[in-house]
Amino acid sequence: MTEPDAELLRARGLRVTQGRLAVLGVLDRLPHADAEGVHRALADAGNETSVQSVHNVLGDLTGAGIVRRFEPARSAARYERRVGDNHHHAVCSSCGRVDDVDCVVGEAPCMHADAPPGFTVQAAEVTFVGLCADCAQSA
């Protein structure tokens with residue numbers, strides 16, 4: 001058990017369970033993983049759990065603000081531990097690689113939107129789609 005993760009779970013009102021700690025450990029090693037990838041990594045490490053249990057844990061962690069969920073176009077939802085800074089993502093349309101892109105304009109939410117009167121923008125999700133360096137080189 002990693003004590004910082006256990007303390008984080010407690011601070012966010014979640015029980016500390018082996019499943020939650022294991023999923024957080026996978027996301028440390030595999031940022032931008034989807035639920036299937038998390039499940040596969042857990043299985044490879046000898047943790048027997050169902051895909052549904054992984055989805056449940058990811059939902060709990062996302063709801064508590066410990067994990068961020070984002071959905072690249074034509075891809076399963078992805079999860080990461082980098083939260084709270086409203087960064088963006090670059091997604092390779094060939095291999096699916098995802099890289100973080102820091103805030104592109106000013107401070108969070110990094111966009112100046114013409115929102116409806118009285119609407120306060122709290123976050124903006126921007127996804128850059130293109131080819132990663134490896135795919136562009138082999139194209």
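Scoring rules and cut-offs
Along each chain, the written sequence defines residue order, and numbers are assigned to residues from 1. Owing to the predicted nature of the model, reporting of local features is limited to residues with pLDDT of at least 70; listing and counting of side-chain atom pairs is limited to 80 or more, with chain, interface and lining totals taken over all residues. Hydrogen atoms and water are omitted, and side-chain values are computed over all heavy atoms in the structure. Here the term cavity refers to a set of points on a 1 Å grid, laid over the protein atoms alone, in which a 1.4 Å probe fits but cannot get out; the term pocket refers to an open set having protein on both sides within 12 Å along at least five of seven lines, with lining residues being those that place an atom within 4 Å of a point. Grid points are joined across faces, edges and corners, and a volume is the space filled by probe spheres set on the points. Under the scheme applied, nonpolar residues are Ala, Val, Leu, Ile, Met, Phe, Trp, Tyr, Cys and Pro; charged residues are Asp, Glu, Lys and Arg; polar residues are all the others, including Gly. Disulfides are defined in this document as cysteine sulfur pairs within 2.5 Å. In this scheme, a residue with accessible area under 20% of its type's maximum is buried, one over 50% is exposed, and one in between is partly exposed, where area comes from a 1.4 Å probe on protein chains only. We call a set of buried residues a nonpolar core when its members are Ala, Val, Leu, Ile, Met, Phe, Trp, Tyr or Cys and they connect through side-chain atoms within 4.5 Å of each other. Where helices and strands are cited, they refer to DSSP runs of H or I of at least four residues and of E of at least two residues respectively, numbered from the N terminus. Should any heavy atoms of two residues lie within 4.5 Å, those residues are considered in contact. Criterion used throughout: strands pair if DSSP finds at least two bridges between them.

(A) Expanded view of the layout of surface pockets. In this structure, the largest pocket encloses a volume near 160 Å³. Together, Arg68, Arg69, Arg82, Val83, Gly84, Asp85, Asn86, Ala123 and Glu125 line the largest pocket. Of the residues belonging to the lining of the largest pocket, the class tally is two nonpolar, two polar and five charged.

(B) Just the state of the cysteines, in detail. This structure, assessed with the given rule, holds zero disulfides. This cysteine, Cys92, is not joined by any disulfide, and Cys135 carries the nearest cysteine sulfur, 3.7 Å off. The exposure class assigned to Cys92 is buried, which follows from its relative accessible area of 5%. No disulfide involves Cys132; its sulfur sits 3.7 Å from the nearest other cysteine sulfur, which is in Cys135. For Cys132, a relative accessible area of 10% translates into the label buried.

(C) Structural detail: the nonpolar core. With 21 residues, the main nonpolar core has Val23, Leu27, Val38, Leu61 and Ile66 as its most contacted residues. Those elements that place two or more of their residues in this core are α2 (18-29), α3 (35-44) and α4 (51-63). Sorting elements by how many residues they give to this core places α2 first, with five residues. When neighbours within four sequence positions are excluded, Val38 is seen to be in contact with Val23, Val26, Leu27, Ala33 and Val54.

(D) Broad picture of the sheet that holds strand β1 (residues 33-34). What the three strands build is an open sheet, ordered β1-β3-β2; its pairing is antiparallel. Edge positions in the sheet fall to β1 and β2 (68-70), since each of these pairs with one other strand and no more. Across three bridges, β2 lies against strand β3 (residues 78-80) in antiparallel orientation. Each residue of the ladder has a partner; that of Phe70, found in β3, is Arg78.

(E) Spotlight on the environment of Val91. Its location among the elements puts Val91 in strand β4 (residues 88-92). Residue Val91 is classed as buried on the basis of its relative accessible area, which comes to 11%. As for Val91 and His32, which are separated by 59 residues in sequence, their C-alpha atoms are 10 Å apart. With near-sequence residues (within four places) excluded, Val91 lies in contact with Pro72, Gly96, Arg97, Val98, Thr127, Phe128, Val129 and Gly130.

(F) Fine view of unusual backbone geometry. Positive phi is not limited to glycine here, since His32 has a value of about 75°. One can find His32 in the loop between α2 and β1. Taking the relative accessible area as the measure of exposure, His32 reaches 9% and is therefore buried. Its identity as a non-glycine residue notwithstanding, Arg74 has a phi of 55°, on the positive side. Note on Arg74: relative accessible area 77%, which makes it exposed.

(G) Quick look at the pairing of β4. Counting buried positions along β4 gives four out of five residues, so the element sits mostly inside the fold. Bridge analysis of β4 against strand β5 (residues 98-101) gives four bridges, and the strand direction is antiparallel. Among the inter-strand pairings, Ala90 is bridged to a residue of β5, identified as Asp99. Between β4 and β5, which follow one another and run antiparallel, lie five residues, and Gly96 among them has a positive phi close to 85°. The pairing of β4 with strand β6 (residues 127-130) spans four bridges and is parallel. Bridging across to β6, Cys92 finds its partner in Gly130.

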